[in-house]
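Okay, here's what each chain looks like letter by letter:
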Amino acid sequence: MLQIRNLYASIDGKEILKGINLQLPSGEIHAIMGPNGSGKSTLSQVLAGNEAFEVTAGEVLYQGKNLLEMPADERARDGVFMAFQYPVEIPGVSCAQFLRSAVNAVRKHRGKDALDAMDFLALTKEKMKLFDLGPELMRRSLNVGFSGGEKKRNEGFQMAMLEPALAILDETDSGLDIDALKVVAQGVNTLRDPQRSFLVITHYQRLLDYIVPDRVHVLSEGRIVRSGGKELALKLEESGYAWITDQPHLESAS
Amino acid sequence: MSQINRCFELPGATHLAFNNGSLSAEHQGELGSILPEGVSLDLDQGIELRLGEGVELDRPIHLAYHNSAAVSPGSPALETRIIVGPGSRGTLIESSSGLCGNAQGAAQHSVLQLGEDAALDHVKLQREELSSIQRASSKVSARARSNYRSHEINIGGGETRRQLDLTLCGEGARCELAGLNLAFGRQRMESRVRVTHAAAGCATDELYKIIVGDDARALFDGLILVETDSQLTRAHQSNRNLLLSDRARITSMPRLEIYADDVRCSHGSTTGELDAEQLFYLRTRGFTPDAARALLVHAFASEILEGVEFTPLREWLTGEVLRRLPGGELIGEAA
Ligand SMILES: Nc1ncnc2c1ncn2[C@@H]1O[C@H](COP(=O)(O)OP(=O)(O)OP(=O)(O)O)[C@@H](O)[C@H]1O
Ligand SMILES: [Mg+2]
């Protein structure tokens with residue numbers, strides 16, 4: 001699904017990603033953990049196509065295609081989805097208006113007919129339930145005045161509507177209460193599919209109790225300094241990052 | 001722009017068409033039957049539309065001015081007088097299309113008088129040809145406890161100069177003034193708004209928005225003047241502008257002049273570009289750059305358009321705004 005090779009990226013001349021290597025096979029869930037400022041969101045943004053970041057070296061293959069050559073909107077229509085760590089507020093654009101255009105742009109790209117108002121409504125009802133959101137949200141301006149938790153659940157809901165092949169969840173669990181965390185995890189699990197892969201960025205092992213990852217990677221100072229199975233997250237929860245970051249490169253990234 | 005349809009009838013409104021300044025032949029002999037009760041139209045000197053006392057219009061009246069040829073130099077201005085009797089209320093739409101002006105800047109002037117306790121919802125829409133050069137003004141007086149709502153919307157014309165001059169002359173009068181100027185290509189638009197608080201306890205809420213792209217230029221000049229004895233005035237003026245190209249220009253001159261001491265007034269002006277984070281967010285959801293921009297521009301305009309309460313007009317305006325934006329057709333259906 002996704003192959004990242006020796007990826008370097010910088011912003012305003014400051015190098016943030018310093019040689020990322022990562023293989024995410026179809027149907028797998030990989031977790032990325034790592035200290036604040038280590039580059040996790042930068043990696044997400046680069047994968048989603050944020051042109052504010054400059055890729056200075058490396059390559060990324062998505063379903064065999066050169067991802068870095070595709071503009072952000074083309075990536076999205078082609079099945080790449082990123083749930084933002086900080087979802088953006090857009091006053092004056094209702095959730096319904098936004099999402100219907102988005103869903104239909106993606107459907108058109110996949111050779112499907114646009115959804116009419118009725119079918120769209122039916123689909124939103126079904127998917128909103130997955131993330132425990134009420135229908136009144138659809139009439140509100142996108143993310144404006146949403147609570148932290150609503151914003152994150154709304155990202156999950158959008159993912160469910162857009163049915164991506166590759167979903168990158170940047171701290172979708174941050175700011176969620178314990179019940180909401182279970183709801184979101186359950187929503188993600190519902191979307192698990194042999195044709196779909198997830199990159200789940202989190203600070204908390206707790207999330208990984210519900211969304212069980214195939215691999216866990218630790219990002220530190222722009223590099224993946226350790227990779228392992230789900231038990232790596234447990235070890236991090238107990239001991240923090242110091243034992244890895246003090247002596248990096250003990251184990252090469254898978 | 002040439003595809004602007006000449007016949008601009010809004011379903012559900014009382015339609016009065018004026019071609020080259022004269023009442024359209026289609027209305028001859030039927031005025032009595034189309035004018036609502038309590039409303040009279042006098043065409044002896046310009047256009048005079050009068051709502052008697054306590055009249056409630058159940059549908060908007062639409063004065064549609066259309067000029068099929070450029071006004072010849074030296075022609076007198078088209079004058080419209082609107083008199084809203086005490087306690088009367090209703091919606092009035094004035095639209096201008098075709099070539100209402102020429103190089104001499106032919107003019108259309110409206111004088112509006114709101115009696116005590118009257119309420120008027122006034123939309124002034126300019127959708128002329130790009131070759132039109134025109135001046136238009138509205139001079140409004142609002143008596144005690146009356147309520148004047150105005151939407152000035154400019155989407156056409158090559159060079160447009162508009163002036164709104166409003167006096168709140170009776171205690172407790174209120175006005176809500178909204179404006180939207182949308183200019184592309186080489187369009188030029190000027191809006192000058194002058195509100196005088198000449199009585200105590202009056203309120204003004206003013207929001208003008210300008211969107212300019214390409215090489216267009218626009219100017220907003222707004223003054224709120226609070227006279228010495230106009231205590232307990234509440235006045236807010238805001239001008240918010242969106243620049244869609246680095247060649248476009250906006251000049252904003254918001255001004256307050258206050259001579260009374262017990263007032264609550266504020267004003268502000270902002271001019272900005274589309275937000276890069278919002279654009280990126282939309283693109284990660286599959287919006288092309290054009291569609292993302294169109295959605296955000298439409299959202300910016302919709303704050304004004306949503307205030308247009310007459311649904312057929314609001315929907316028509318939304319469609320026209322989207323039609324002028326590259327990518328607008330991509331979001332039109334969902335808007
Ligand atoms: N737009 C930007 N301009 C300048 N520096 C930036 C920008 N975005 C990120 N950075 C810097 O890049 C580094 C990595 O940031 P990033 O947001 O990727 O970290 P993160 O691992 O997601 O952190 P967190 O766990 O706090 O979310 C930080 O030092 C940050 O300050
Ligand atoms: Mg982050």
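What you see as residue numbers is a count from 1 along each chain, following the sequence as written. Written order determines the labels here, with chains lettered from A and ligands numbered from 1. Where totals are concerned, whole chains, interfaces and linings use all residues; where local detail is concerned, this predicted model gives features only for residues with pLDDT of at least 70, and gives and counts side-chain atom pairs only at 80 or more. Water and hydrogen atoms play no part in the side-chain values, which are based on all heavy atoms of the structure.

Looking now at the pairing of strand β1 (residues 14-19) of chain B. Residues and elements named next belong to chain B. Think of it in three bands: residues with accessible area under 20% of the maximum for their type are buried, residues over 50% are exposed, and the middle band is partly exposed, with areas taken using a 1.4 Å probe on protein chains only. Each helix corresponds to a stretch of at least 4 residues labelled H or I by DSSP, and each strand to a stretch of at least 2 residues labelled E; elements are numbered beginning at the N terminus. Buried residues dominate β1, accounting for five of its six residues. Should DSSP find at least two bridges between two strands, the strands are regarded as paired. Where β1 meets strand β5 (residues 61-67), six bridges bridge the pair, whose relative direction is parallel. Pairing of Ala17 across the sheet is with Ala64, part of β5. The pairing of β1 with strand β2 (residues 22-23) spans two bridges and is classified as antiparallel. In the strand pairing of β2, Phe18 is matched with Leu23. Between β1 and β2, which pair antiparallel in sequence order, lie two residues; one of them, Asn20, sits at a positive phi of approximately 50°.

On to the environment of Pro254(B), then. With respect to the element layout, Pro254(B) can be found in strand β18 (residues 249-258). Distance in space between the C-alpha atoms of Pro254(B) and Glu152(B) is 17 Å, their sequence separation being 102 residues.

Residue and element names in this part refer to chain B. By secondary structure assignment, the location of Gln108 is in strand β8 (residues 107-114). Polar contact is defined as a pair of N or O atoms within 3.5 Å, subject to the rule that within protein one atom must be able to donate a hydrogen and the other to accept it, and that residues adjacent in sequence are counted only when both atoms are side-chain atoms. Within the structure, Gln108 has its side chain in polar contact with the side chain of Ser110 (distance 2.9 Å). Sequence-distant contacts of Gln108, defined by excluding residues within four places in its chain, comprise Tyr65, Leu78, Thr80, Glu94, Lys124, Arg135, Ala136 and Ser137. By definition, residues are in contact when any of their heavy atoms lie within 4.5 Å.

Residues and elements named next belong to chain A. For Na, K and Ca the donor cut-off is 3.2 Å, and for all other metals it is 2.8 Å, counting N, O and S atoms only; because water is absent from this set, sites may look incomplete. Taken together, Ser41 (OG) and Gln85 (OE1) make up the full set of protein donors to the magnesium ion (ligand 2), lying 2.0 to 2.1 Å away. With a gap of 44 residues between them, Ser41 in helix α1 (residues 40-48) and Gln85 in the loop between β6 (80-83) and β7 (90-94) connect regions that are remote in the sequence. Since its relative accessible area comes to 24%, Ser41 is described here as partly exposed. Judged by relative accessible area, Gln85 falls into the buried class, the value being 16%.

With that out of the way, let us pick up the sheet that holds strand β4 (residues 47-51) of chain B. Working definition: the strands of a sheet are paired by backbone hydrogen bonds and lie parallel or antiparallel to each other. Residues and elements named next belong to chain B. Pairing within the open sheet is mixed, and its nine strands lie in the order β3-β4-β6-β8-β10-β12-β14-β16-β18. Bordering the open sheet on either side are β3 (39-42) and β18, each of which pairs with just one other strand. Taken pair by pair, the neighbouring strands of this sheet meet at an average axis angle of 10°, ignoring direction. Here ten bridges tie strand β10 (residues 133-142) to strand β12 (residues 159-168), and the two strands are oriented parallel to one another. Counted as the bridge partner of Gln134 is Thr160 from β12. A fitted line through C-alpha atoms represents every axis, and for helices the fit uses only the stretch in contact; the resulting angles, taken between N-to-C directions, go from 0 to 180 degrees.

Contacts between the two partners involve 33 residues from chain A, matched on the other side by 21 residues from chain B. In this description, buried area is defined as the sum, over both parts, of the accessible area (probe of 1.4 Å) that is lost when the two are combined. Here chain A packs against chain B, burying approximately 2100 Å² in sum over the two surfaces, 62% of which is carbon and sulfur. By salt bridge we mean one thing: a side-chain nitrogen of Lys or Arg within 4 Å of a carboxyl oxygen of Asp or Glu. Remark: the boundary between chain A and chain B carries three salt bridges. A salt bridge links Glu155(A) to Arg285(B), with the shortest nitrogen-to-oxygen separation between them at 2.7 Å. Counting across the interface, chain A meets chain B through nine residue pairs in polar contact (both at pLDDT 80 or more). Counting only elements with at least two residues in the side of chain A that touches chain B, the list comes to α1, α2 (72-77), β6, β7, α3 (95-109) and α5 (148-162) of chain A. Side-chain classes follow a simple rule in which Ala, Val, Leu, Ile, Met, Phe, Trp, Tyr, Cys and Pro form the nonpolar group, Asp, Glu, Lys and Arg form the charged group, and the remainder, Gly included, forms the polar group. For the side of chain A that touches chain B, the residue count by class is 19 nonpolar, eight polar and six charged.

The next subject is the pattern of salt bridges. Overall, the coordinates contain 27 salt bridges over all chains when judged by the stated rule. Two residues, Arg77(A) and Asp73(A), come together in a salt bridge whose shortest N-O distance is 3.1 Å. In this pair, Arg77(A) and Asp73(A) both sit in helix α2, four residues apart, roughly one turn of the helix. Note that Arg81(B) and Glu48(B) form a salt bridge whose closest N and O atoms lie 3.0 Å from each other. Placement of the pair is Arg81(B) in strand β6 (residues 78-84) and Glu48(B) in strand β4, with a sequence separation of 33 residues. We classify Arg81(B) as partly exposed; its relative accessible area is 33%. A relative accessible area of 16% places Glu48(B) in the buried class.

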